[in-house]
Structure formats: C-alpha cells, structure tokens
Amino acid sequence: MIQAVRKEKDQYLANFAEFERQGTGPVPDWLQQLRKASILRVAEYGFPTTRDEDWKYTNLAPLSRTAFGLAGPTRLYDQLSDHWLLGLPGPRLVFVNGFLSSDLSRRDGLPDSVQVQSLSEALTHAPDLVGRHVGKYADPDEHAFTALNTAFMKEGSLVVVPPGTVLETPIHLIYLSTGSEHPFAVHPRNLLLIGANSEVRIVEGYAGQAGVAYFCNPVTELVAGDASNVDHYTIQAEGDKGFHIGTLRTCQERSSSLRLASFDVGGSLVRHNLTVTLDGEGANALLHGLYLGASDQLIDNHTRIEHVKAHCDSRELYKGILTDSSRAVFHGRIVVSKGAQKTDSKQTNNNLLLSNDCLVNTKPQLEIYADDVKCTHGATIGRLEEESLFYLRSRGIDKQAAANLLTYAFASEIVSQVRIGDLRNQLDRFLFAWLGHVPE
Amino acid sequence: MLEIRNLHVSANNKPILRGITLTLKKGEVHSIMGPNGSGKSTLAQVLAGRESYEVTAGEIMYDGKNLLDMAPEDRAREGVFMAFQYPVEIRGVSNMYFLRAALNSIRKYRGEDDVDAMDFLSLVRNKMKLLQMDDALINRAVNEGFSGGEKKRNEIFQLAVLEPRLAILDETDSGLDIDALKIVAEGVNALRSPDRTFLVITHYQRLLNHIVPDFVHVLAEGRIVLSGDKSLAFELEEKGYSWLEKEPVG
Ligand SMILES: Nc1ncnc2c1ncn2[C@@H]1O[C@H](COP(=O)(O)OP(=O)(O)O)[C@@H](O)[C@H]1O
Ligand SMILES: [Mg+2]
C-alpha cells in the first residue's frame, strides 16, 4: 500500500514535469504559481486512504495501482460518436481525452452576451476573469483531487451568463474519453458564472469507451448570482474501466435557486465530492441524485451542504439501485453556521438492493451551530416489496416485468426532476435498457 | 369451474386452512362468511397464488387445470382475479399504465394484439362511469393516497376492465360507506354473467343484500362448517358467529 502510494505520487510528479515541458501556450503567472503550489500539495499528502474518515469505504488502491500518463489529442472517437449524450440538441463544447474537439462542438443558438469558451480559449482571451474566480471556491488545499486537477489545469469550460439573461436553450459540456495506447488521466476544469436574475440550465456529461482504462478528475466551480435560477445536471456515464472522481463546488448568492441533479450510470470507481454553499439570505438548493450500480462498480457520493446565511432552504434526495456485487456510499453532511438562523434543511437517501451481494453504506451527518433551525434526515436500504410484486403479478404482469416496473418507478422520481425534455427522455430510455440487463 | 379438494394451508408453519372442499360451477355466485381470523383472506390469497402460504395438502382444479402449479401471473391470464382486502399502494406507477400493462399481458397470453390506445381509453372511461370513479384517480399512482373506499372501488374497477372468469372479492365491503357500497355492488352485479363465477368473501351480511349469492358457506377456524343458500346469511347476521364455535360440527 505504502509502495503503491509512492508509485502513484511519483507517477503524477513525472507527469507534471512532462506537462510543464510540453508547455501549453501562454500561461499567466498566477496560473503557473497555482499549478506549482497544487502539485506540491499532491506531493506532500498523496491520495487519501481508507484511514481517512471521508474515504473509509472507498479504497483507492485500484486507482493508485494504475500508472495514468498524460493524454494526447486523438480523433479516435468513432465508438462514442453515437453516444446518447451527443444526441442531445443545443449548443455544446465537446472534449475528447481532455482536448476540445471543434468538429463535435457547436455554439450556435446562443446570444452574443453569453460566453461559452474552452478554458484554453478563455486563458488566452480573458485570463484575468478566470484568475479572479478559479480556485476561489474549490480550494486545492482542501482536497487531494482538487489539488491534482489544479496542478494539471489546462482545459475545460468557461460559461459566463451576464445578469438578467434568460437562456431558453440548455448548454452542454461533454467530456469523452476514448482509445489510447496507455492509461491516461484528464483533469477538466469548469467555471460557471451565472449573473444576477439570470436563468440557465447546464449539463455536464462524462462518457468513455468501454474497455479503455482512464481516470477523469473534473472540478467544477459554479457561482449563482442574486436571484438567479440555475439548473445543473451531472451525467456520469464513464466507460466500464473508467475512474471518475468529480468535484462540484457551488456558491449561491442572495435569493438564488439552484437545482442540482446527478446521475451515475457508468464508471468503475466513482466518487463525487459535492459542496453546496448557501451564502446569501433566502437562497435555496434542491439536490437530487440517482446512482445505478452493477457488476463490481463502486459509486460514492459525498455531499456537503453549507448553510452560511439565514433563511435558506435545502432539500436533498439521493436514490440508489444496486445489483450484482456493486457497492455504493452515500455520505450527506449538512453544516449550519452560527448565523444561519431559520435554516430549513431536509436530506433523504433511499437505496434499493436487487441482489444479495451488493452493499450500501449510508451516513447522514448534521453539524448545527445555530439554534433556530429545522433539519431532518432519513435513510432507507431495502429490497423490492414482496407484497407489491404479488399485487402486480396477480393482475397478469410477469415477475420480471413487475420487478422492472417497481424498480423503474423507484428511479423515475429522480429522472422526473430533470427540466430538459430531451435529457429526461434519454435518461428514461437508459434506465429501461439498464433494467433489461438486470438479472432476476 | 373451480374445485377445491381437502385444502390444507400453513403460513410460517402455522396451520390456517384445515381441509377445505368447495365446488364452484360456472356462473355461480358463492359467498364465504366467517369471523375474523378464520382464514378467509388466506383462501383468497392462495387462489391468487401468494407464495408466502404453503399448501400442505389437497388440490385446486381450475377448468380442469391444476391451479397450484401456475404462477400468479398465469392464473390472472387464465382469468382469475382477486380483489384485495388491503389493496397495495404502488408508488410511481400510474393506474393507467398499470392497467394497460396488465390488460396487454393478458391479451398477449391469449395470442391477441396489444389494445389500441383509443380503444383502451374508451374502455377505461366506460368502466369508470360504471363505478362512478373520480376521473383524477386514473392518472394517479396505483392506490397511492387513495382513501380506503377509493382503493376498494379501484379493485372493482380493475375487475371490470380485466373481465376475469373467476372473481374473488375479499371483504370488498369493509371501508365502504353505504352509498359507496351500493355503487360497488351495482358494478359487480353488472358484471355478473353466465360465464363469470364469483367468490364473495365478507364478514358482514350487508353486502349480500346487494350482491345476492346462490350459495353461502361459513368458514370457522380454517374449515367450512356450514353451507346453505342465501338465508344462511340472514341467520348469521342475527346470531353472530360465536354459536358456531360452541356447536359440534359435522
Ligand atoms: N403470513 C402469515 N403468517 C402467519 N400467520 C398468518 C399469516 N397470514 C394469516 N395468518 C394467520 O392466519 C389466520 C387467518 O388469517 P386470515 O386468512 O387473514 O383471516 P380472515 O381473512 O378470515 O380474517 C389469522 O390467525 C392470521 O393471524
Ligand atoms: Mg381477511
């Protein structure tokens, strides 16, 4: 284990040296310093181990064991070109192995005032804007994987929506990982800045080719301005050999409404670090999550909701369906600061187990430092109810169809939250197909 | 059409039914009455195929086939329908979707095509009218948030749509006020036909004022202790059930 850790550190340090040698065009001073400080942080602490309370159930050994090199540009994405994420209509930036694909990207249909740029474009055209925000919300000192992402920060997406803009069309940021001779790591960095009174829906999608070993380590920082209305969807549909450790850090200003929904429908070892900060009075956040685990997948959702200011509401509902020998972790932390009076927060996690070998660890954690608050949480882990199955079968529906119908109904509560019709339909379709492969 | 011979049933190793023999001919309406805990629901559930009950002896023939060999869904497809005493809430599945899936699986079994969307809609409308059901219920999740009476009405509505050959009603009257009882009973009466057999299970005689049976059987402690015509129901209403346990049987 110790050796594995050393090896993984050496690997990333070697990658960093190579990364610096390659150069990536003009790099502002602040970025050079930030990268250097971040790689030092990685070198100093390495990856977390299961001795770390926040990683107790997620052993990173499989990730540490593999030597992930730097990714190179590739056009070999044939096998992903008909991926359903690419079937979603609307403007999009598409990246292949960490590089912007101008063939697959399209930006028509957006008002001129809205900026949708790749990070490398933004670093050329608006380095100061990026510098003012990047790393201000997702602190590299806080998390090893944020540090790793920051050290290799080079490509990703910048979305800037000026105040008072209502965007009809959703924006898609899609990261594909595909064929390569050696295992590789990509570190997409997204900065989403939504102005006051604006309304926008953003989809972040991650997909990878089956059989290809890679590590995708994205970090997204999202700022929702005063009274803005923001929907953000994370679709994690990595390939079966893909590792995904994703960080989403949101910061909400006064009276803003944020709806987050996360769908885990792929990947081998998956971890989400989600931190939502309610940093303006009257803000509210709605968090939904659905994770589907099969074979020996591990899907870990760590969410943290920080109530910093008074009169904010948060609602969180995560649901999981597990089969085969898959495992899931849900850890939901709610932190209510001293000043956050009249906080109203509710957290729920429901899990459905379809096999005998799957496993869920669920843990709520409330840290409350204010006295006039309403916080509740609840978690369930269960199987399909025999009574419900019998009821459906007694009306002529066969056993497998009855099980699928009940499982679908369990998941559809989350899918139905999606406020983009095309995405909702695709997720629905995916769910049906997934259920078709679940053995009885 | 249904022959139950010497049926013994246990649940969790506890004997519940202790030798039931009963013959229902095509088109007949039989009623089973009995005190709480006598095994009425157990009989209904075993007929519908509930796997948590163990048949320890006896047999059930349905139209010449061994009913106990059939999965619950196949029984339904062969025309067996049981209206639950406690209908189950199915979250997230709309009544409409559920009924259509049920009807189509029954049709498929018979080698028929899926029901046409428009035909299905008009079928549903007709049957809802028959039971004076609130339109809103059809688009809600199955039984979710329904009142006790609405759930019972929904069971008979399903019966009306699926048109079984053997309908088993397990205490459909409980939880219904007198007006609802009349509507449901009228609905059931409208479905009576020479081709459809009914087994009406009830604790009280009042349902039988509206659905008049051809035969009445009294179940006590897992056995049929008395059989007769509809006048037996009135006798039971007057005397209650307690005298049954004291009187020697046979
Ligand atoms: N699954 C079961 N496990 C154990 N005992 C049961 C089960 N189901 C029913 N019983 C028992 O069997 C008896 C008959 O129950 P039931 O058939 O529901 O009676 P009724 O419908 O006539 O009121 C009761 O004593 C009841 O507690
Ligand atoms: Mg009963």
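Numbers given for residues are sequential positions, taken from 1 along each chain in its written order. Labels are handed out in written order, letters beginning with A for the chains and numbers beginning with 1 for the ligands. Reporting of local features is limited, given that this is a predicted model, to residues whose pLDDT is at least 70; pairs of side-chain atoms are given and counted only at 80 or more, and all residues count toward the totals for whole chains, interfaces and linings. Hydrogens and waters are ignored; side-chain quantities use all the structure's heavy atoms.

Peer 1: Got a sec to walk through the coordination of the magnesium ion (ligand 2)? Specific residues and values, please.
Peer 2: Residues and elements named next belong to chain B. Every protein donor of the magnesium ion (ligand 2) is listed here as S41 (OG) and Q85 (OE1), and their distances to the metal cover 2.1 Å. On the criterion of sequence distance, the pair formed by S41 in helix α1 (residues 40–48) and Q85 in the loop between β6 (80–83) and β7 (90–94) is long-range, its members being 44 residues apart. Only protein chains enter the calculation, and the probe is 1.4 Å; a residue is then buried if its accessible area is under 20% of its type maximum, exposed if over 50%, and partly exposed in between. On the accessibility criterion, S41 (22% relative accessible area) is partly exposed. For Q85, a relative accessible area of 14% translates into the label buried. Because no water is among the atoms considered, metal sites can look incomplete, with donors defined as N, O and S atoms within 2.8 Å of the metal, or 3.2 Å for Na, K and Ca. What counts as a helix is a DSSP run of H or I of at least four residues, what counts as a strand is a run of E of at least two, and both are numbered from the N terminus.

Peer 1: Now, about the pattern of salt bridges: what can you tell me, with residues and values included?
Peer 2: The salt bridge criterion pairs a side-chain nitrogen of Lys or Arg with a carboxyl oxygen of Asp or Glu, the two atoms within 4 Å. The final tally for this structure, using the stated rule, is 34 salt bridges over all chains. Between E78(B) and K65(B) there is a salt bridge; the shortest N-O distance is 3.1 Å. In this pair, E78(B) is assigned in the loop between α2 (72–77) and β6 and K65(B) in strand β5 (residues 65–66), connecting sequence segments 13 residues apart. Residue E78(B) is classed as buried on the basis of its relative accessible area of 14%. K65(B) sits in the partly exposed class, given a relative accessible area of 39%. The network of salt bridges with shared partners includes K319(A), E413(A), R91(B) and E144(B).

Peer 1: So what's going on with the interface of chain B and chain A? Which residues, and what values?
Peer 2: Contact definition: two residues touch when any of their heavy atoms are within 4.5 Å. Each partner contributes residues to the interface: chain B has 34 residues there, and chain A has 18 residues. Between chain B and chain A the total buried area reaches about 2,000 Å² when both faces are included, carbon and sulfur atoms providing 60% of it. There are 6 salt bridges connecting chain B and chain A. For E386(A), the salt bridge goes to R50(B), with nearest N and O atoms at 2.8 Å. Residues adjacent in sequence count toward polar contacts only when both atoms are side-chain atoms; beyond that, a polar contact is any pair of N or O atoms within 3.5 Å, and within protein one must be able to donate a hydrogen and the other to accept it. At the junction of chain B with chain A, the criterion picks out 12 residue pairs in polar contact (both at pLDDT 80 or more). At the level of elements, α1, α2, β6, β7, α3 (95–109) and α5 (148–162) of chain B are the ones that each hand at least two residues to the side of chain B that touches chain A. Counting residues per element, the side of chain B that touches chain A draws most heavily on α3(B), at 6 residues. Each residue is assigned to one of three groups, with Ala, Val, Leu, Ile, Met, Phe, Trp, Tyr, Cys and Pro labelled nonpolar, Asp, Glu, Lys and Arg labelled charged, and all others, Gly among them, labelled polar. Partitioned by chemical class, the residues of the side of chain B that touches chain A number 20 nonpolar, 7 polar and 7 charged. As a working definition, buried area equals the accessible area (1.4 Å probe) given up by two parts on being put together, with both sides summed.

Peer 1: Let's hear about the state of the cysteines: which residues, and what values?
Peer 2: Cysteine sulfur pairs qualify as disulfides if the two atoms are within 2.5 Å. Inspection of the entire model under this criterion finds 0 disulfides over all chains. Considering cysteine sulfurs only, C251(A) is the nearest to C312(A), which forms no disulfide, with 11 Å between them.

Peer 1: Describe the side chain of H187(A), naming the residues involved and giving the relevant values.
Peer 2: Residue and element names in this part refer to chain A. Within the secondary structure layout, H187 lies in the loop between β7 (184–186) and β8 (189–194). Using a relative accessible area of 10% as the deciding quantity, one classes H187 as buried. Apart from the residues lying within four places of it in its own chain, the contact partners of H187 are L148, N149, F152, E155 and N217.

Peer 1: Quick one: what's the story with the packing of aromatic side chains, residue by residue and with numbers?
Peer 2: Residues and elements named next belong to chain A. Geometry of aromatic contacts follows a simple scheme: Phe, Tyr and Trp rings, the Trp one being its six-membered ring, pair when their centres are within 6.5 Å, and the pair is stacked under 30 degrees between planes, edge-to-face over 60, tilted otherwise. Under the criterion given, the structure shown has 18 aromatic pairs over all chains. An angle of 45° between the planes, with centres 5.5 Å apart, marks the rings of Y12 and F47 as tilted. Remark: F47 occurs in the loop between α2 (29–45) and α3 (61–65) and Y12 occurs in helix α1 (residues 2–22); sequence separation between them is 35 residues. Residues Y12 and F47 agree in their burial class; the two are buried. Ring geometry for F145 and F215: centres 6.1 Å apart, planes at 85°, overall edge-to-face. Of this pair, F145 sits in helix α6 (residues 144–151) while F215 sits in strand β10 (residues 214–216), and the two are 70 residues apart along the sequence. Its relative accessible area of 0% is what places F215 among the buried residues. For R395, the ring lying beneath its charged end belongs to Y391, and the centroid distance is 5.1 Å. Charges are assigned to positions over rings by a cutoff of 6 Å between ring centre and Lys NZ or Arg CZ, combined with an angular limit of 35 degrees from the ring normal.

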